[in-house]
Structure formats: structure tokens, C-alpha cells
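Chain by chain, the residues run as shown.
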Amino acid sequence: MSFLFGQRPQPSSAEKIAAAEAEVEMVSDMFNRLSDSCHRKCVPADYREGELNKGESVCLDRCASKFFDVNIKVSEKMQSQAAAGGGAGGMGAMGGI
């Protein structure tokens, strides 16, 4: 009955588990996109050495940093649009990052 007094109802255990699973899925997807994108941009297809060289390491570091910066900016924009009532619903805009 807490919803009668302006409080949100507490999620059930099943809802908490589903939310945690969805969060793990989103983080895994983001990591996979980051890895694929930065690997394609920074590491040549023909491996010449067993270790990354300095240029590849710097490129990967910058790529990951930019990926997270863009991800944060897109998330903030989507949250502000949702708060203003103009949310598009879903995470469709995140797919192209």
C-alpha cells in the first residue's frame, strides 16, 4: 500500500533478477562493441608482434576513452529527453556507437 502515499512499490525478487540480468546484458554488449570497434581501428589484421606496440596501445586507449565519452553524452541526452517527455523509448540510439 505504499503507492498510496507517493512511494514507489518495491520490486519483487523476480523483477530484481530480471533487471540485473538486463544490466549484465547491456554491459556485455557495450564491452563487445567497444572491443570490436577499437580493435578494428587500432590493431592491424596482420599481426607482426606478440605484444601491442606503442602506437597501437595509445590508439586503443584513446578509442576506449572516446567510446565512453560518447556513451555518457548519449545517455545524458536520452535521459534529458525522457525527463522532458519526448523520450523515443528504448535504446535504439545507442546501437550506432
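The structure under discussion appears in the preceding block.
Attention in this report is confined to the structure presented alongside it. (Residues numbered from 1 in each chain as written. Predicted model: local features only at pLDDT ≥ 70, side-chain atom pairs only at ≥ 80, totals over all residues. Heavy atoms only, no water.)

1. A look at the state of the cysteines
Right, so step 1: Throughout the structure, instances matching the rule amount to two disulfides.
Right, so step 2: Here cysteine 38 pairs with cysteine 63 through a disulfide, and the sulfurs are 2.0 Å apart. Its torsion about the S-S bond being -90°, the disulfide of cysteine 38 and cysteine 63 is classed as left-handed. Residue cysteine 38 is located in helix H1 (residues 13–42), and its partner cysteine 63 is located in helix H2 (residues 54–83); the two are separated by 25 residues in the primary sequence.
Right, so step 3: By relative accessible area, which is 4% here, cysteine 38 ends up buried. (Disulfide = S-S within 2.5 Å. Helix = DSSP H or I, 4+ residues; strand = E, 2+ residues; numbered from the N terminus. Buried < 20%, exposed > 50% of the residue type's maximum accessible area, 1.4 Å probe, protein only.)

2. Side note on the pattern of salt bridges
Oppositely charged side chains can form a pair if their charged atoms are brought close together.
Right, so step 1: With the rule as written, the count across this model stands at two salt bridges.
Right, so step 2: In this structure, aspartate 29 and arginine 33 form a salt bridge, with 3.1 Å as the shortest nitrogen-oxygen distance. A residue pair is termed a helical-turn pair when its members lie 3 or 4 positions apart in one helix, as aspartate 29 and arginine 33 do in helix H1 at four residues.
Right, so step 3: Relative accessible area serves as the criterion here: at 39%, aspartate 29 is assigned to the partly exposed category. (Salt bridge = Lys/Arg side-chain N within 4 Å of Asp/Glu carboxyl O.)

Without other data, these values stay purely geometric and don't point to any function.
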